[in-house]
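What follows is the residue order along each chain.
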Amino acid sequence: MDVLLVTRDFRSYGIATRLASEGNKVKVFTGKTTSYAFGEGLVEFVPHPLDAIKECKFIIVDGPADKVIYEWAKKYNKPIIGSSPMTDMMNADVYREIQIAQKLGVPLPPTEVIDDVSLMYEKIVEWNPVRTIIRYDRESITIDHQQWMAWAMTNLPFGKRLVLQTPEFGEAIDVVGWFDGLHWAEPFILKSVNDGNLRASLLLALYDRGWLDRTIKPWARFLRSIDYKGPFRVRLCLFKDQPTLLSTHAGIEFPSVYAFLEGLKESATDFFSKIALGVCEKYEITTDYMGAVPVGTTVKYPDGIPILGIDEGNSKHIFLGSVSQRESGLIIKSGLPWIYITAARGRDISESFGRAYFTGSAVKIPEPSFTRGLPGVYSPWISRVKSLGYL
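Nothing here was measured: the structure is a model prediction, and the numbers come from that model.

**Q** Explain the overall build of the chain to me, please; I cannot follow it from the model alone.
**A** Looking only at helices and strands, the chain features 14 helices and 20 strands. Split into buried and exposed, the 391 residues of the chain put 55% on the buried side. Within the chain, contacts between residues separated by at least 24 positions form 69% of all contacts whose residues are at least 6 apart in sequence. Accessible surface for the chain amounts to roughly 17800 Å². Of this, 51% is attributable to carbon and sulfur atoms.

Right, dumping it as structure tokens:
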């Protein structure tokens, strides 16, 4: 099966190499004329996407794409996973996000939209000790003092719609759902913003109060109207039984998507094919926690160094990055900050990362560098609650 990946920052490149390892013919378009040293023997970089779009079964896009990509995909009836013109705009502009959330009836913190910074004089005069958060594009500034509000009026960019919000206090969590263009693919999964471990009883209590129905499920109406397929994340603030929306993101996120793929009980090919066709109402996933760790090297010029230790047993837990395939085996090629990503499952966050490090240490590259600080943890949420006996 032919698949096209359209990427600018290579965050989903490991998906391309995984699909290639499953027997698919994967082409990669970056929109640049640069030639890439890595990928030989694994994927094919193409200088122009038109022929690849015509030939592929579906397209994975991991960020804003050129308008022509969407036009050609529509013309040749090729489903896109991970992006759309509307979600590109919403990801870049908090005003659009708030506007859509209000129409869908999603609960928000106390919110007010200012059409231009020049209209903020009134807010300076009326300022009170309750902090105000000023948001525009994807920037956020916390205003703790009246003098700061005055500063904001004279220093924020003109011509921008500003969103003023009262901060919410509670437990911040991310809920991620995959949408297949028609319906949510369940189950939803939980990602703690701070890699924390929420108690199963708390999750169950929140679930019983129907907060999921109020915060993420209403987005189906919007996503269906724009024919979006792919992951959709909502960041929520939970306080008692009153969840409020803090932010959203539509699209593939690095490196947590690899933690998700580690937990899937089916091949990446089967899962992405069902999302592309709009027939993925349910999928099977582990009841363990899932973690992913990018691995690079501190060697300054590593080109051509053989990679040792990847075998049939551990390859299913490894997503290749700055690597090429030769007859003699895999070698390191420069181009990406990560050579591979190692992913693992565990009964808790510590065990999942411990297993990821164990798998990563079995792969032999010189002076390996493990990047743990990125938010690559998923919890299976309600399926874990069931496994612990709460349901």
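Now that the structure has been shown, the text picks up again.
**Q** Quick question: what am I supposed to make of the sheet that holds strand 1 (residues 2-6) here?
**A** Sheets are built from strands paired through backbone hydrogen bonds, the pairs being either parallel or antiparallel. Strand order in the open sheet formed by 5 strands is 3-2-1-4-5, with parallel pairing between adjacent strands. In this open sheet, the two strands that pair with only one neighbour each are strand 3 (44-45) and strand 5 (80-81). By the bridge criterion, 2 bridges tie strand 4 (residues 58-61) to strand 5 in an arrangement that is parallel. Bridged to Ile-60 within strand 5 is Ile-81.

**Q** How do you make sense of the pairing of strand 14 (residues 289-297) when you look at a structure like this?
**A** Note on strand geometry: in a regular strand, side chains alternate between the two faces of the sheet. Counting buried residues along strand 14, 9 of its 9 residues qualify, which places the element largely inside the surrounding structure. Burial along strand 14 is two-sided: Tyr-289, Gly-291, Val-293, Val-295 and Thr-297 and Met-290, Ala-292, Pro-294 and Gly-296, pointing in opposite directions, are all buried. Sheet topology note: the strand 14/strand 19 (residues 368-370) ladder contains 3 bridges and is antiparallel. Across the sheet, the residue bridging to Val-295 is Phe-370, located in strand 19.

**Q** Please clarify how the environment of Glu-367 should be interpreted in this entry.
**A** When you line up the elements, Glu-367 lands in the loop between helix 13 (349-362) and strand 19. Residues Glu-367 and Gly-296, spaced 71 residues apart in sequence, show a C-alpha to C-alpha distance of 8.4 Å. Dropping the residues within four chain positions of it, Glu-367 is found in contact with Gly-296, Thr-297, Thr-298 and Val-299.

**Q** Explain the sheet that holds strand 6 (residues 111-114) to me, please; I cannot follow it from the model alone.
**A** Judged by pairing direction, the sheet is antiparallel, and its 4 strands sit side by side in the order 6-9-7-8 without closing on themselves. With one partner strand each, in any of the chains shown, strand 6 and strand 8 (139-143) form the two edges of the open sheet. Ignoring strand direction, the axes of neighbouring strands in this sheet form an average angle of 25 degrees. Bridge analysis of strand 7 (residues 132-136) against strand 8 gives 5 bridges, and the strand direction is antiparallel. Bridge assignment links Arg-135 to a residue of strand 8, and that residue is Ser-140. This element, helix 5 (residues 94-104), spans strand 6, strand 7 and strand 9 (162-165) of the sheet and lies at about 60 degrees to strand 9.

**Q** I keep staring at the packing of helix 1 (residues 13-21) against helix 12 (residues 268-277) and nothing clicks. Help me out?
**A** Angle between the axes and distance between the axes: these two values describe a pair of packed helices. Where helix 1 meets helix 12, the closest approach of the two axes is 9 Å, and the angle between their N-to-C directions is 115 degrees. Classified by the angle their axes make, helix 1 and helix 12 are roughly perpendicular. Contacts between helix 1 and helix 12 involve Ile-15, Arg-18 and Leu-19 from the first element and Ala-268, Thr-269 and Phe-272 from the second.

**Q** Mind showing me how you'd approach the packing of helix 1 against helix 11 (residues 256-263) here?
**A** In contact at an axis separation of 9 Å, helix 1 and helix 11 are set at 30 degrees when each is read in the N-to-C sense. Judged on the interaxial angle alone, helix 11 and helix 1 are roughly parallel. For the pair helix 1 and helix 11, the contacting residues are Tyr-13, Gly-14 and Ile-15 in the first and Val-257, Tyr-258 and Leu-261 in the second. Broken down by class, the residue content of the contact of helix 1 with helix 11 amounts to 5 nonpolar, 1 polar and no charged.

**Q** Looking at this structure, I do not really get the nonpolar core. What am I missing?
**A** In a soluble, globular protein the nonpolar side chains are often hidden away together inside. Residues Tyr-13 and Phe-272 are the most contacted members of the largest nonpolar core, which totals 53 residues. Other than its neighbours up to four places away in sequence, Tyr-13 contacts Leu-5, Val-28, Phe-38, Gly-39, Val-43, Phe-45, Tyr-258, Leu-320, Gly-321, Leu-336 and Trp-338. Membership of the second largest hydrophobic core comes to 31 residues, among which are Met-90, Val-94, Ile-173 and Leu-212.

**Q** What is the right way to read the packing of aromatic side chains from this model?
**A** The description of an aromatic ring pair rests on the distance of the ring centres and on the angle between the ring planes. Overall, the coordinates contain 26 aromatic pairs when judged by the stated rule. Relative to Tyr-283, the ring of Phe-271 has its centre 5.6 Å away and its plane inclined at 80 degrees; by these criteria the two rings are edge-to-face. Placement of the pair is Phe-271 in helix 12 and Tyr-283 in the loop between helix 12 and strand 14, with a sequence separation of 12 residues. Given a relative accessible area of 0%, Phe-271 falls into the buried group. On the basis of relative accessible area, Tyr-283 is assigned to the buried category, the value being 5%. Through successive ring pairs, a cluster of aromatic residues spans Phe-179, Trp-184, Phe-188, Trp-219, Phe-222 and Phe-232. Lying over the aromatic face of Phe-319, Arg-18 brings its terminal NZ or CZ to 4.0 Å of the ring centre.

**Q** Sorry, what's going on with the confidence of the model for the chain here?
**A** For the chain, mean pLDDT is 87; residues scoring 70 or higher make up 88% of the total. The low-confidence segment residues 195-201, where pLDDT is below 50, has 16 contacts with residues more than four positions distant or belonging to other chains.

**Q** Help me understand the pattern of salt bridges, please; the structure alone is not making it clear to me.
**A** Oppositely charged side chains can form a pair if their charged atoms are brought close together. Inspection of every chain in the model, using the stated rule, returns 18 salt bridges. The partner of Arg-233 in a salt bridge is Asp-174, with the nearest N and O atoms 3.9 Å apart. Here the residue Arg-233 occupies a position in strand 12 (residues 229-238), and Asp-174 occupies one in strand 10 (residues 171-180), the gap between them amounting to 59 residues. Each member of the pair Arg-233 and Asp-174 is classed as buried. Salt bridges sharing common partners tie together Asp-174, Arg-233, Arg-235 and Glu-253.

About the criteria used
- Residues numbered from 1 in each chain as written.
- Predicted model: local features only at pLDDT ≥ 70, side-chain atom pairs only at ≥ 80, totals over all residues.
- Heavy atoms only, no water.
- Helix = DSSP H or I, 4+ residues; strand = E, 2+ residues; numbered from the N terminus.
- Buried < 20%, exposed > 50% of the residue type's maximum accessible area, 1.4 Å probe, protein only.
- Contact = heavy atoms within 4.5 Å.
- Areas by Shrake-Rupley, 256 points an atom, 1.4 Å probe, with all protein chains shown as cover.
- Pairing = 2+ DSSP bridges.
- Axes fitted to C-alpha atoms, helices over the stretch in contact; angles between N-to-C directions.
- Parallel < 35°, antiparallel > 145°, perpendicular 65-115°, else oblique.
- Nonpolar A, V, L, I, M, F, W, Y, C, P; charged D, E, K, R; others polar.
- Core = buried A, V, L, I, M, F, W, Y, C linked by side-chain atoms within 4.5 Å.
- Phe/Tyr/Trp six-rings, centres within 6.5 Å; stacked < 30°, edge-to-face > 60°.
- Lys NZ or Arg CZ within 6 Å of the ring centre and 35° of its normal.
- pLDDT = per-residue confidence, 0-100.
- Salt bridge = Lys/Arg side-chain N within 4 Å of Asp/Glu carboxyl O.

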